[in-house]
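Notes for the structure review
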Amino acid sequence: KEIHTFYKYFKESNPSNPKDYLANYIIDHEAGHIHTFHPLELEIAENVIRQIEGLEPVPTFNERWNAIAGEVYGSTTIGTLDKGYVWKSQQFAEFPDTINPTGPRHGCVRPYGCTDFYEDVATYLEKEEGAKNPELWEKVADPKSPNYDPRYEQKTELLCAYGFFTDASCAEIKGYIAEAKE
């Protein structure tokens with residue numbers, strides 16, 4: 001019943017083609033969640049071995065990401081559905097303190113990414129609004145732009161280093177960044 005209710009709400013809230021929405025947002029986004037856990041498991045195991053050997057642990061992907069992100073999580077407001085409960089929804093997240101409440105801010109590609117670490121990573125992987133979108137870099141990569149924030153590039157470099165993107169996608173993204181800085 002809950003899945004049917006979600007699908008009905010999803011279909012009604014997305015007047016464009018739901019298949020396009022699934023292909024451009026949800027699949028890459030949810031795959032990002034799965035991929036986020038992979039390096040963490042390996043790094044925890046590596047750090048246990050390092051401690052046994054008397055070596056200092058290395059920062060995990062999560063620690064490195066959070067060091068770049070800073071104190072941004074929770075900087076969005078989440079809308080309420082007509083039934084009265086709060087839905088942690090991509091469609092409803094907004095930045096409460098800006099003229100453009102849905103655009104990239106605070107190193108997050110869109111407001112939903114600023115809800116927590118996992119959503120931040122996952123939104124970077126989306127085709128339409130994530131790091132593979134050249135329009136994002138036009139807004140945030142030019143140091144002369146009022147929206148410039150080095151965290152976008154730093155997070156993307158970390159995603160590339162950890163294999164979240166293919167080498168070809170990383171090269172393409174670096175091209176977008178270079179173009180935006182010209």
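Parameters and conventions
Residues numbered from 1 in each chain as written. Predicted model: local features only at pLDDT ≥ 70, side-chain atom pairs only at ≥ 80, totals over all residues. Heavy atoms only, no water. Helix = DSSP H or I, 4+ residues; strand = E, 2+ residues; numbered from the N terminus. Patch = residues over 30% accessible without salt bridge, like charges linked within 9 Å, V, L, I, M, F, W, Y side chains within 5 Å. Areas by Shrake-Rupley, 256 points an atom, 1.4 Å probe, with all protein chains shown as cover. Salt bridge = Lys/Arg side-chain N within 4 Å of Asp/Glu carboxyl O. Buried < 20%, exposed > 50% of the residue type's maximum accessible area, 1.4 Å probe, protein only. Core = buried A, V, L, I, M, F, W, Y, C linked by side-chain atoms within 4.5 Å. Contact = heavy atoms within 4.5 Å. Phe/Tyr/Trp six-rings, centres within 6.5 Å; stacked < 30°, edge-to-face > 60°. Arc of directions from axis to C-beta. Lys, Arg positive; Asp, Glu negative; His and termini not counted. Charge placed at Lys NZ, Arg CZ, Asp CG, Glu CD. Expected span 1.5 Å × (residues − 1). Disulfide = S-S within 2.5 Å.

Moving on to unusual backbone geometry. The phi dihedral of histidine 106 is positive, around 55°, even though this residue is not glycine. Inspection of the secondary structure assignment puts histidine 106 in the loop between α3 (61-69) and α4 (117-124).

Quick look at a nonpolar patch on the surface now. On the surface, Ile44, Val48 and Ile52 cluster together to form a nonpolar patch covering roughly 300 Å² of accessible area. Locating isoleucine 44 in the fold gives a position in helix α2 (residues 18-52). On the accessibility criterion, isoleucine 44 (45% relative accessible area) is partly exposed.

This part is about the nonpolar core. Across soluble globular proteins, you tend to see nonpolar side chains buried next to one another. Phe61, Trp65, Trp137, Leu159 and Phe165 are the most contacted members of the largest nonpolar core, which totals 28 residues. If you list the elements that add at least two residues to this core, you get α3, α4, α5 (134-140), α6 (150-161) and α7 (167-181). Top contributing element to this core by residue count: α7, with five residues.

The subject of this paragraph is the side chain of threonine 123. You can see threonine 123 is positioned in helix α4. Take threonine 123: its relative accessible area is 0%, and that puts it in the buried class. Among residues more than four places away in sequence, those in contact with threonine 123 are His29, Val109, Arg110, Tyr112, Gly113 and Gly130.

With that settled, the discussion passes to the packing of aromatic side chains. Counted by the stated rule, this structure contains six aromatic pairs. The interplanar angle of 75° and the centroid separation of 4.8 Å between the aromatic rings of phenylalanine 117 and tyrosine 118 together place this pair among those described as edge-to-face. Clustering of aromatic rings is evident, with ring pairs tying together Phe61, Trp65, Phe117, Tyr118, Tyr124, Tyr162 and Phe164.

Let's shift gears to α3. Listed as buried for α3 are Phe61, Asn62, Trp65, Ile68 and Ala69. For α3, the angular spread of buried residues about the axis comes to 130°, placing them on one side. Glycine 70 lies just past α3 and shows a positive phi near 75°.

In this section: a negative patch on the surface. On the surface, Glu135, Glu138, Glu179 and Glu182 cluster together into a patch of negative charge. Residue position: glutamate 135 is located in helix α5.

Turning our attention to the environment of glycine 70. The residue glycine 70 is located in the loop between α3 and α4 in this model. With relative accessibility at 32%, the residue glycine 70 sits in the partly exposed group. Separated by 37 residues in the primary sequence, glycine 70 and glycine 107 place their C-alpha atoms 9.1 Å from one another.

Let us look at α7. For α7, which comprises 15 residues, the first-to-last C-alpha distance of 21 Å matches the rise-based estimate of 21 Å (1.5 Å per residue) to within 8%. Inspection of α7 places Ser169, Cys170, Ile173, Tyr176, Ile177 and Ala180 among the buried residues, and these make up the whole buried set. Projected onto a plane normal to the axis of α7, the buried residues spread over an arc of 120° and lie on a single side. Set apart from the buried face of α7 by more than 90 degrees, the exposed residues are Asp167, Ala168, Ala171, Lys174 and Glu179.

Glancing now at the state of the cysteines. Per the stated rule, a full pass over the model turns up two disulfides. Each sulfur in the disulfide pair cysteine 108 and cysteine 114 lies 2.1 Å from the other. As the torsion about the S-S bond is roughly 95°, the cysteine 108-cysteine 114 disulfide counts as right-handed. Disulfide partner of cysteine 160: cysteine 170, at an S-S distance of 2.2 Å. What sets the handedness of the cysteine 160 and cysteine 170 disulfide is the S-S torsion sign, and at about -115° it is left-handed. With cysteine 160 in helix α6 and cysteine 170 in helix α7, this residue pair connects regions lying 10 residues apart in the sequence. Residue classification places cysteine 170 among the buried residues on the basis of a relative accessible area of 6%. For the chain, the bonded cysteines pair up as 1-2, 3-4 when numbered in the order they occur along the sequence.

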